[in-house]
Amino acid sequence: MASTVEGGDTALLPEFPRGPLDAYRARASFSWKELALFTEGEGMLRFKKTIFSALENDPLFARSPGADLSLEKYRELNFLRCKRIFEYDFLSVEDMFKSPLKVPALIQCLGMYDSSLAAKYLLHSLVFGSAVYSSGSERHLTYIQKIFRMEIFGCFALTELSHGSNTKAIRTTAHYDPATEEFIIHSPDFEAAKFWVGNMGKTATHAVVFAKLCVPGDQCHGLHPFIVQIRDPKTLLPMPGVMVGDIGKKLGQNGLDNGFAMFHKVRVPRQSLLNRMGDVTPEGTYVSPFKDVRQRFGASLGSLSSGRVSIVSLAILNLKLAVAIALRFSATRRQFGPTEEEEIPVLEYPMQQWRLLPYLAAVYALDHFSKSLFLDLVELQRGLASGDRSARQAELGREIHALASASKPLASWTTQQGIQECREACGGHGYLAMNRLGVLRDDNDPNCTYEGDNNILLQQTSNYLLGLLAHQVHVTGMCVLDGACFRSPLKSVDFLDAYPGILDQKFEVSSVADCLDSAVALAAYKWLVCYLLRETYQKLNQEKRSGSSDFEARNKCQVSHGRPLALAFVELTVVQRFHEHVHQPSVPPSLRAVLGRLSALYALWSLSRHAALLYRGGYFSGEQAGEVLESAVLALCSQLKDDAVALVDVIAPPDFVLDSPIGRADGELYKNLWGAVLQESKVLERASWWPEFSVNKPVIGSLKSKL
């Protein structure tokens, strides 16, 4: 990637307007432009700039401060905006294959403008489109072009009214009729209605419907996906046998039309089955290229993983916006000081640094991780498309499933907590709706639930790890390796080869200076995962020996064993990947210090949340270990304080997209906020009664034109 700005390319990375933030920008230890180019690359920066410029210059995307749209109007406008995005053709199908990282980049650009727009576009193009591409075959390729020309509009229908996380209990059926070579899609009762399906409420014409596939002779072969037309593309009226509608207003993301559907013996052609994992012959015989059920299951996880990986990116964009708003506010908001005459920016206070800067570090670490995991998912889907049925391909599917199942909870919870901290760190001004933090909080909230409840998903990851250990370990009161090796395609579990030796390690860092490196946290995380894996495995077997069924035993292990195991594992993976990224030889010398501090801060701050487990397991002992960890986090916050504004400048979108008066790039906190308040309260046109109106008229006029 390019790491220098050739010829001072101000068109690509223009200078920020002069203002109160200049002082912090001047104190930064690095060039924000150089970091932007290193992080994104020139091509990606131009791609994002093209998107942002198009949105800002298109009247369809004009901001309307103070305008409360009705639910119907908001959803109609969101659909028209989504349609316009496809008309712009920012990203062709060919570009997706050539530059796959442009996919999450586009989603983030749209999400920064409006989370509902990103979700609508994502569900149609990536979730629905990806399901067709990865689960279908050549006979379904015609749908791909229709998707990107918006000749059809899609949704992903898995969840039902009475079942979500428990997919094995999904009750929609697809019985095959060999006489007509059709599947009969049927909802046995209202509890089997597809529910919460994004895009289904008003606009979807087609759905990937998951149903139990049954062939003559009452042989059922589990859930399979089918393409089912639910509305006429020209009239948007329901197809015969389909009852479809909108489920109503939600707590957030109300531009997205979540809906329901019931099917009454709806007949679809045999070719509607997305047949990558299994097919039915015209005569009614079920066939599958996967003889091993485990391999078939691993290969089928790609559709679910794509949605979860996308949610990681959606969550992070919300945290980017919140952190940008809160840190620009903190750098210009002055309160108290060493003397009554001197007030200092609240960012100078260690408490404010401790509250916000770890979330800034989390943005950088999680953003890098989400991009790398997306590329892993692309590798999986390309393997599926090429017909790769190797053991490695199946294992890759399981590993990505485990990582996606834990990274969605990590990203959405970190964002949830981070936005709340940012809201509170901005005081009363953070509670004003116009400053957007409340909207970000509400729009991020569903990330904790859809595509799988976070706590349920963590069980998928802990079960994956326990399954690996079950193949490698013989229990003799303690866990001892059975001579086999831990290996996975992405190497996320390879460190377990050193399992016994890792468990013998102790925390031996005695000074804060020696702790200011993410390598220290990496060693601790590896110990923590090994410890929790051993403890969870032993607890599970102890419960079984005590008479608990496998179901009961696993439930009894979740709270204090399986859940922290899954979180520690994914945190380790995030820390490991970001550590390797910032320490690679290609990092420009001028960026190594700040990136190293970000990596260390995220790693140590995340690790500090597990201090009780580190003490319980004996890795920490005495007061000094905990004190060194706490002091190291505070020291890194202090070291990053002067870099905070420049780090925000790298990740923040243009002011039009950020849409927060207290977070504008010029740092004119009070002018921007006062002007926005006057505009929203409609006082600008009614200010002639104000005694000082004649004096302040130029200021008001300037604010009005600016806004």
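Scope of this entry: the structure provided in the associated data block. For clarity, every value in this text was computed on a predicted model and none was experimentally measured.

Attention now goes to the overall build of the chain. A tally of helices and strands in the chain yields 24 helices and 13 strands. When the backbone C-alpha atoms are referred to their principal axes, the chain occupies close to 85 × 65 × 50 Å. Within the chain, the proportion of its 707 residues that are buried is 56%. A sequence separation of at least 24 residues applies to 75% of the contacts in the chain between residues at least 6 apart. Accessible surface, the chain as shown: approximately 29,200 Å² in total, 55% of it carbon and sulfur. Between the centroid of the 74 positive side chains of the chain and the centroid of its 76 negative side chains there is a distance of 4 Å.

In any sheet, the strands associate via hydrogen bonds between backbone groups, in a parallel or an antiparallel arrangement. With antiparallel pairing, three strands are arranged side by side in an open sheet as β4-β8-β7. For this open sheet the edge positions go to β4 (194-198) and β7 (242-246), each flanked by a neighbour on one side alone. Neighbour-to-neighbour, the strand axes of the sheet open up by a mean angle of 25°, direction not taken into account. Here β7 runs beside strand β8 (residues 258-263); their pairing, made up of five bridges, is antiparallel. Counterpart to valine 242 in the pairing with β8 is phenylalanine 263.

As a further point, take the nonpolar core. If you look at the biggest cluster of nonpolar residues, it comprises 196 residues, and the most contacted ones within it are Leu360 and Tyr602. With residues near it in sequence (within four places) discarded, leucine 360 still touches Val323, Leu327, Ala644, Leu647, Val648 and Ile651. One finds Met200, Val266, Val268 and Tyr286 within the second-largest nonpolar core, a separate group that totals 26 residues.

The next subject is the packing of aromatic side chains. If you walk through the whole model with that rule in mind, you get 20 aromatic pairs. Aromatic pair tyrosine 602 and tryptophan 605: ring centres 6.4 Å apart, planes at 50°, arrangement tilted. Of this pair, tyrosine 602 and tryptophan 605 both sit in helix α18 (residues 589-608), three residues apart, roughly one helical turn. Side by side, tyrosine 602 and tryptophan 605 carry an identical accessibility label, which is buried. Ring pairing ties together the aromatic residues Phe507, Trp527, Tyr531, Tyr615, Tyr619 and Phe620, which thus form one cluster. One cation-aromatic arrangement involves arginine 25 over phenylalanine 16; the distance from NZ or CZ to the ring centre is 4.4 Å. A cation sits over an aromatic face here: lysine 146 above tyrosine 143, 5.9 Å from the ring centre.

Next up on the list: the environment of glycine 438. By the secondary structure assignment, glycine 438 is in helix α13 (residues 437-444). The class for glycine 438 is partly exposed, based on a relative accessible area of 22%.

Our focus in this paragraph is the state of the cysteines. Applying the stated rule across the entire model yields one disulfide. The side chain of cysteine 214 participates in a disulfide bridge whose partner is cysteine 220; the two sulfur atoms lie 2.2 Å from each other. Judged by the sign of its S-S torsion, about 95°, the cystine formed by cysteine 214 and cysteine 220 is right-handed. We classify cysteine 220 as partly exposed; its relative accessible area is 48%. For the unlinked cysteine cysteine 637, the closest cysteine sulfur is that of cysteine 515, found at 13 Å. On the basis of relative accessible area, cysteine 637 is assigned to the buried category, the value being 1%.

Let's shift gears to empty space enclosed by the protein. Per the stated rule, a full pass over the model turns up three cavities of 30 Å³ or more. Space inside the largest cavity adds up to approximately 340 Å³. Every residue lining the largest cavity is counted, 18 residues in all, and those nearest its centre are Met96, Phe97, Leu126, Tyr133 and Gln381. Among the elements of the structure, α5 (93-98), α7 (115-135), α8 (141-148) and α11 (350-385) are those that each provide at least two residues to the lining of the largest cavity. Among the residues forming the lining of the largest cavity, the class breakdown is twelve nonpolar, five polar and one charged. Reported here for the second largest cavity is a volume of approximately 70 Å³. Classifying every residue of the lining of the second largest cavity by side-chain character gives seven nonpolar, three polar and one charged.

Here we take up unusual backbone geometry. Even without being a glycine, arginine 436 presents a positive backbone phi close to 80°. Tracing the sequence through the fold places arginine 436 in the loop between α12 (391-425) and α13. Backbone geometry at lysine 491 places phi at a positive 65°, although glycine is not the residue there. Here lysine 491 lies in the loop between β13 (479-481) and α15 (499-503).

Here we take up the pairing of strand β2 (residues 173-177). Taken across its five residues, β2 has four buried, putting it largely inside the fold. Summarising the sheet, β2 and strand β3 (residues 182-186) pair through five bridges and their orientation is antiparallel. Each bridged residue has a counterpart across the sheet, and for histidine 175 the counterpart in β3 is isoleucine 184. Between β2 and β3, which follow one another and run antiparallel, lie four residues, and glutamate 181 among them has a positive phi close to 55°.

One way to put it is that α18 packs onto helix α20 (residues 622-640) with a least axis distance of 9 Å and a crossing angle of 145°. Our pair here, α18 against α20, has a crossing hand that is left-handed. Here Val594, Arg597, Leu598, Ala600, Leu601, Leu604, Trp605, Leu607 and Ser608 of α18 lie close against α20, whose contacting residues are Leu629, Ala632, Val633, Leu636, Cys637, Gln639 and Leu640.

Let's shift gears to the packing of α11 against α12. In contact at an axis separation of 9 Å, α11 and α12 are set at 155° when each is read in the N-to-C sense. As judged from the angle between their axes, α11 and α12 are roughly antiparallel. Remark: the crossing between α11 and α12 carries left-handed chirality. When grouped by side-chain class, the residues that make up the contact of α11 with α12 number 17 nonpolar, eight polar and six charged.

One pass over the full model with this rule turns up 38 salt bridges. One salt bridge in this structure joins arginine 392 and glutamate 379, with 3.2 Å as the shortest N-O distance. On the criterion of sequence distance, the pair formed by arginine 392 in helix α12 and glutamate 379 in helix α11 is long-range, its members being 13 residues apart. The partly exposed category is assigned to arginine 392, whose relative accessible area is 42%. Assessed through its relative accessible area of 33%, glutamate 379 is described here as partly exposed. A salt bridge links arginine 398 to glutamate 395, with the shortest nitrogen-to-oxygen separation between them at 2.9 Å. With arginine 398 and glutamate 395 both in helix α12 and three residues apart, this pair spans about one turn of that helix.

What counts and how
Residues numbered from 1 in each chain as written. Predicted model: local features only at pLDDT ≥ 70, side-chain atom pairs only at ≥ 80, totals over all residues. Heavy atoms only, no water. Helix = DSSP H or I, 4+ residues; strand = E, 2+ residues; numbered from the N terminus. Buried < 20%, exposed > 50% of the residue type's maximum accessible area, 1.4 Å probe, protein only. Contact = heavy atoms within 4.5 Å. Areas by Shrake-Rupley, 256 points an atom, 1.4 Å probe, with all protein chains shown as cover. Lys, Arg positive; Asp, Glu negative; His and termini not counted. Charge placed at Lys NZ, Arg CZ, Asp CG, Glu CD. Pairing = 2+ DSSP bridges. Axes fitted to C-alpha atoms, helices over the stretch in contact; angles between N-to-C directions. Core = buried A, V, L, I, M, F, W, Y, C linked by side-chain atoms within 4.5 Å. Phe/Tyr/Trp six-rings, centres within 6.5 Å; stacked < 30°, edge-to-face > 60°. Lys NZ or Arg CZ within 6 Å of the ring centre and 35° of its normal. Disulfide = S-S within 2.5 Å. 1 Å grid on protein atoms, 1.4 Å probe; cavity = no way out; pocket = protein on both sides within 12 Å on 5 of 7 lines; lining within 4 Å. Points joined across faces, edges and corners; volume = space filled by probe spheres on them. Nonpolar A, V, L, I, M, F, W, Y, C, P; charged D, E, K, R; others polar. Left-handed = near helix turned anticlockwise from the far one by under 90°. Parallel < 35°, antiparallel > 145°, perpendicular 65-115°, else oblique. Salt bridge = Lys/Arg side-chain N within 4 Å of Asp/Glu carboxyl O.

Coordinates in, geometry out; function isn't part of it.
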